[in-house]
Amino acid sequence: MEIINRRQRMASLARKLRREHKVIGFVPTMGALHKGHLKLVQNARQMSDIVIVSIFVNPTQFNESDDFETYPRDLTADAALLAEYNVDYVFTPDAKDIYGENFSTYVTVDDLSEKLEGASRPGHFRGVATVVTILFNTIRPDFGYFGQKDAQQVAIIKRLTQNLGFETEIIVVPIVREKSGLAMSSRNELLTSEQREAASIIYKSLLEVEIATEKGVRNTTKLAEIVRNEIETEPLANIDYIAVVDNKTLDPIEKIGENPVLVAVAARFGEIRLIDNIVLNKKQ
Ligand code: PAF
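Residues numbered from 1 in each chain as written. Predicted model: local features only at pLDDT ≥ 70, side-chain atom pairs only at ≥ 80, totals over all residues. Heavy atoms only, no water.

A. Region of interest: the pattern of salt bridges. Applying the stated criterion across every chain, the model contains 13 salt bridges. The partner of Arg45 in a salt bridge is Asp88, and the shortest N-O contact between them spans 2.9 Å. Placement of the pair is Arg45 in helix 2 (residues 35–47) and Asp88 in the loop between helix 3 (75–84) and strand 4 (89–91), with a sequence separation of 43 residues. Exposure remark for Arg45: the relative accessible area of 25% places this residue in the partly exposed category. Residues Lys115 and Asp111 are paired through a salt bridge, measuring 3.3 Å at the closest nitrogen-oxygen approach. Look at Lys115 and you get buried, because its relative accessible area is 16%. (Salt bridge = Lys/Arg side-chain N within 4 Å of Asp/Glu carboxyl O. Helix = DSSP H or I, 4+ residues; strand = E, 2+ residues; numbered from the N terminus. Buried < 20%, exposed > 50% of the residue type's maximum accessible area, 1.4 Å probe, protein only.)

B. Geometry of the pairing of strand 3 (residues 50–55). Of all six residues making up strand 3, six are buried, and the element is well covered by its neighbours. Residues Ile50, Ile52 and Ser54 line one face of strand 3 and the alternating positions Val51, Val53 and Ile55 line the opposite face, and both faces are buried. Note that strand 2 (residues 24–29) and strand 3 share six bridges and pair parallel. Bridging across to strand 3, Phe26 finds its partner in Ile52. Here strand 3 pairs with strand 4 via three bridges, running parallel. Each residue of the ladder has a partner; that of Ile52, found in strand 4, is Tyr89. (Pairing = 2+ DSSP bridges.)

C. Quick peek at the site of the ligand. Residues in close proximity to the ligand include Pro28, Thr29, Met30, Asn58, Gln61, Val128, Val131, Phe146 and Gln153, which together make up its full environment. Contact between the ligand and Gln61: an oxygen atom at 2.6 Å from a side-chain N or O atom of the residue. Within the side chain of Gln153, a nitrogen or oxygen atom sits 2.8 Å from an oxygen atom of the ligand. Look at the ligand: alone it shows 290 Å² of surface, and the protein chains cover 87% of it. Put simply, the parts of the chain that give the shell around the ligand at least two residues each are strand 2 and helix 6 (124–139). Here the shell around the ligand is built from residues that sort into five nonpolar, four polar and no charged. (Near = heavy atom within 4 Å. Polar contact = N/O pair within 3.5 Å; in protein donor to acceptor, adjacent residues only side chain to side chain. Areas by Shrake-Rupley, 256 points an atom, 1.4 Å probe, with all protein chains shown as cover. Nonpolar A, V, L, I, M, F, W, Y, C, P; charged D, E, K, R; others polar.)

Right, dumping it as structure tokens:
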């Protein structure tokens, strides 16, 4: 495994790999790797000749409430894990290399970026869309791997890939969960053991909603109520939002019809804000 720091070197290496007709799988991350990231890497390993993982704590996607400075960074531990998973290249550029002098070009995926998470994290998705565009332009991978846990990020990346004509196929990898059902996240480490246990209520509520749709409930107000009622049985949980929306456009819908539907939840346990989701009515 080779660690590459410079964007130019990454670009020329990727160019050479493409000339050799290698299939390139790319996993963008901000480090602090957990089992969710490793699942993305495993998928990339199965589908590609060459696996590239980027580790870049992207300053433009942090807003006031997020803390860029204190975001966990441990390149040595991350690199050791990635070597175990047979990654070929780790791309670790610094911010100056990604956002050079006079940087003033941003990518905004209008509309999708303002909804759900966008409401409480202004500018976040502009930062994500911009950095992913820069990384895709540098590597031009065949496949890009993203976790379903960040469902809105997935919708945004799919839209930008299509709109900007990237040839990268976006592979969405299912949520990896702890034994309790809690979705894997670096934020879980910040929960007390009591909060961590309590937080499994989110997944329980999503399972309730899945059962309800299987039984024929189609009305989305009713479905959101089922999620709310379940989460409210847990005194440590504070709901931020429950959204039942079209999985592609993230527009609210009244009734489940033909298309896949995303049920997304954000809830706080003490200071820690967690998100999770389930997709209903998935096309097989
Ligand atoms: O999901 C993340 O870790 C980040 O948003 C990403 C896609 C690596 C962009 O910085």
